[in-house]
Amino acid sequence: MLTLSSDYDVLFLQGEQAQFSMVPINFLPEGKTAGYVHSGTWSGKAWKEAQKIGKTLDLASGEKEQFKQMPDLISLDIPKELVYVHLTSNETIGGIQYKSFPDTGNIPLVADMSSDIMSRPIETLIHYNKVLF
């Protein structure tokens, strides 16, 4: 069961990988920058697609650990000029998952939860501006 408060709208779309392009096309204006957390295969694909659309910044990466653990988001340095922060909540290929999300302040967090959105109550994860797909 998806437990979201009534102030959220949910749009279910097919074609998961199409969202990798649709997010920056819709949320990344020319001349602006989006931040990406590179935690594995799926976040890497999203980041690569965003780079085709506009400027991106690698905020954190699990590459040094060979994507065997999620990058630490506790001390994430988020520049105030970012238009959004993107992360993938569950990297199915690596078998790793975020249990909570970072505080992005007034910067929207775009969370690709396509593989785990119905696996846990979302209300326990949402505390900030979020866009879930």
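It should be emphasised that the depicted structure is a prediction, and the values quoted were computed from it without experimental measurement.

(A) Representation of the overall build of the protein chain. A count of helical and extended segments in the protein chain gives 2 helices and 7 strands. What you see in the protein chain, going N to C, is helices and strands ordered as α-β-α-β-β-β-β-β-β. Each of the 133 residues in the protein chain was classed as buried or not, and the buried ones make up 43%. Within the protein chain, residue pairs in contact and separated by at least 24 positions form 56% of the contacts whose partners lie at least 6 positions apart.

(B) Expanded view of the environment of P102. Note on placement: P102 falls in the loop between β5 (96–97) and β6 (109–112). As for P102 and L87, which are separated by 15 residues in sequence, their C-alpha atoms are 9.8 Å apart.

(C) Looking closely at unusual backbone geometry. Positive phi, close to 55°, is recorded for Q66, a residue that is not glycine. Located in the positive-phi region is F67, a residue other than glycine, with phi close to 55°. Owing to a relative accessible area of 22%, F67 belongs among the partly exposed residues under this scheme.

(D) Focus on the side chain of S89. You can see S89 is positioned in the loop between β3 (82–88) and β4 (90–91). Overall, S89 belongs to the buried group, its relative accessible area being 0%. Side chain to side chain, S89 and D116 meet in a polar contact 2.7 Å long. Filtering out sequence-adjacent residues up to four positions away, S89 remains in contact with M70, I96, Q97, Y98, F101, D112, M113, D116 and R120.

(E) Geometry of the nonpolar core. Core analysis: the biggest nonpolar cluster contains 18 residues, and V37, L73, V85 and L87 have the highest contact counts within it. Breaking this core down by element, the ones donating at least two residues are β2 (55–61), β3 and β6. Element by element, the count of residues in this core is highest for β3, at 3 residues. Discounting chain neighbours no more than four positions away, the residues touching L73 are V37, A60, L87, Y98 and P102. Residues V23, L28, A34 and A50 belong to the second largest nonpolar core, which totals 11 residues.

(F) Just the pairing of strand β1 (residues 33–38), in detail. Counting buried positions along β1 gives 6 out of 6 residues, so the element sits mostly inside the fold. Here β1 shows two buried faces, one formed by T33, G35 and V37 and the other by A34, Y36 and H38. As paired strands, β1 and β2 are joined by 6 bridges and run parallel to one another. For H38, the partnering residue across the bridge sits in β2 and is S61.

Rules behind the numbers
- Residues numbered from 1 in each chain as written.
- Predicted model: local features only at pLDDT ≥ 70, side-chain atom pairs only at ≥ 80, totals over all residues.
- Heavy atoms only, no water.
- Helix = DSSP H or I, 4+ residues; strand = E, 2+ residues; numbered from the N terminus.
- Buried < 20%, exposed > 50% of the residue type's maximum accessible area, 1.4 Å probe, protein only.
- Contact = heavy atoms within 4.5 Å.
- Polar contact = N/O pair within 3.5 Å; in protein donor to acceptor, adjacent residues only side chain to side chain.
- Core = buried A, V, L, I, M, F, W, Y, C linked by side-chain atoms within 4.5 Å.
- Pairing = 2+ DSSP bridges.

Functional significance is not addressed by these values, which are geometric in nature.
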